[in-house]
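Each chain, written out:
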Amino acid sequence: MLHGNGETYLPDLIYDLGMHYALDTKFYLDKRFRVVSLEANPAFVEAALQEHEAFVQAERLVILNRALWRNSAEKISFYLNPIKDDWSSAFKSRAEKGGHASQEIKVDTITLSQMFDLYGVPYYLKCDMEGADELFVQQLLADSRRPAFVSIEAASLGALAVLFAAGYDLVQIVNQGFNSSLTPPNPAQEGVFVPAHFNGLMSGLFGRELPREGWQSFEDAARDYLAFKELQKHNSPLVHGWMDFHVTSSATLKKLGVIE
């Protein structure tokens, strides 16, 4: 076990919260990490279990058909968007934000702390759950355990501020619209080299494979994010893509030898 922000994490473990088509899950598995994937849509869970049965049997993959929620062991409504299935959400307004009617199903719930208790704290945690990123960061702040690296959809500056309060003092803003142009570094800086070709449904590179020079202070990242949102508001044709926040701590990067 290693430590990030003073807390223990498992260096070979990744969480994929919001598994969707399991494209990121497969990338992490191919890089030789163990993966715990969370997905509320039972159709996606069934498809991933069939496609990646060998990884499940080898105990390298756990797929949870749950929704991250305020409490564990509840059954809540989850809203499937049949047109844009990546917009499906535990929040009806988010599932129907494109004007599409949603289909309501019932799903069981789990909390982040319970996942940590059951499976351990991951080295990297990817969170991409429509409308639930702020719920996630609040649960992470309330728990004392910290992954070395975390990424969330850049939905609000408030969510980034919560991550800063949780001890993540370095930020890298990644424009997902340019993921298709990325080439994983060879030799790999995380796991083993995988000649991946990222698409708009994948989160892309993470951890030490992000550009070293891309890490910023919270203040600089907040400035850049607000400038992007302002341009998006007033002259959207000049803005391409959508953003993810990747965060870590300066202590973690020093321990991993990324910075001095």
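Heads up: these notes are all about the structure in this document.

Calculation notes
- Per-chain numbering applies: the sequence of each chain, read as written, is numbered from 1 onward.
- Per-residue local features of the predicted model are confined to residues with pLDDT of at least 70, and side-chain atom pairs are confined, for both listing and counting, to 80 or more; whole-chain, interface and lining totals are unaffected and use all residues.
- Think of the side-chain values as coming from all heavy atoms in the structure, minus any hydrogens and water.
- Paired strands, in this sense, are two strands between which DSSP finds at least two bridges.
- Each helix is a run of DSSP H or I of at least 4 residues and each strand a run of E of at least 2, with the numbering of both proceeding from the N terminus.
- Each residue gets one of three labels from its accessible area relative to the maximum for its type: buried under 20%, exposed over 50%, partly exposed in between, using a 1.4 Å probe on protein chains only.
- Here the nonpolar core consists of buried residues drawn from Ala, Val, Leu, Ile, Met, Phe, Trp, Tyr and Cys, with membership extended through side-chain atoms lying within 4.5 Å.
- Residues count as neighbours in contact if any of their non-hydrogen atoms are within 4.5 Å of one another.
- In summary, the pairing rule links any two rings of Phe, Tyr or Trp, Trp by its six-membered ring, whose centres are within 6.5 Å, and it sorts them by plane angle into stacked for under 30 degrees, edge-to-face for over 60 and tilted for everything else.
- Two conditions define a charge located above a ring, namely a distance within 6 Å from the ring centre to NZ of Lys or CZ of Arg, and an angle within 35 degrees of the ring normal.

Our focus in this paragraph is the sheet that holds strand β5 (residues 67-68). Sheet strands pair by backbone hydrogen bonding; their relative direction is either parallel or antiparallel. Read from one edge of the open sheet, three strands run β5-β7-β6, paired in mixed fashion. The strands lining the two open edges of the sheet, one partner per strand, are β5 and β6 (75-80). With two bridges connecting them, β5 and strand β7 (residues 103-110) associate as parallel partners. Paired with Leu68 across the two strands is Ile110, which belongs to β7.

Residue Pro187 follows Asn186 across a cis peptide bond; omega there is 10°. Mapped onto the secondary structure, Pro187 falls in the loop between β10 (170-175) and β11 (216-217). Located in the positive-phi region is Glu59, a residue other than glycine, with phi close to 60°. With respect to the helices and strands, Glu59 occurs in the loop between α3 (53-57) and β4 (61-64). A residue is classified by how much of its surface remains accessible, and Glu59, at 67% relative accessible area, is exposed.

Quick look at the nonpolar core now. Residues Leu17, Leu125, Phe136, Val150 and Ile152 are the most contacted members of the largest nonpolar core, which totals 69 residues. Here the element with the most residues in this core is strand β2 (residues 7-17); it accounts for six residues. In contact with Leu125, not counting residues within four places along its chain, are Tyr15, Leu17, Leu112, Phe116, Phe136, Pro147, Phe149, Val150 and Ser151.

Tallying each qualifying case throughout the model produces 15 aromatic pairs. Taking the centre distance of 4.6 Å and the plane angle of 5° together, the rings of Tyr124 and Phe206 count as stacked. Note that Tyr124 is positioned in strand β8 (residues 122-127) and Phe206 in the loop between β10 and β11, a separation of 82 residues in sequence. Phe206 shares its class with Tyr124; the two are buried. Taken together, Tyr9, Phe27, Tyr28, Phe33, Tyr123, Tyr124, Phe149, Phe198, Phe206 and Trp215 form an aromatic cluster joined through their ring pairs. Sitting over the ring of Trp69, Arg70 keeps its end group 4.4 Å from the ring centre. It is Lys97 that lies over the ring of Trp87; its NZ or CZ is 4.7 Å from the centre.

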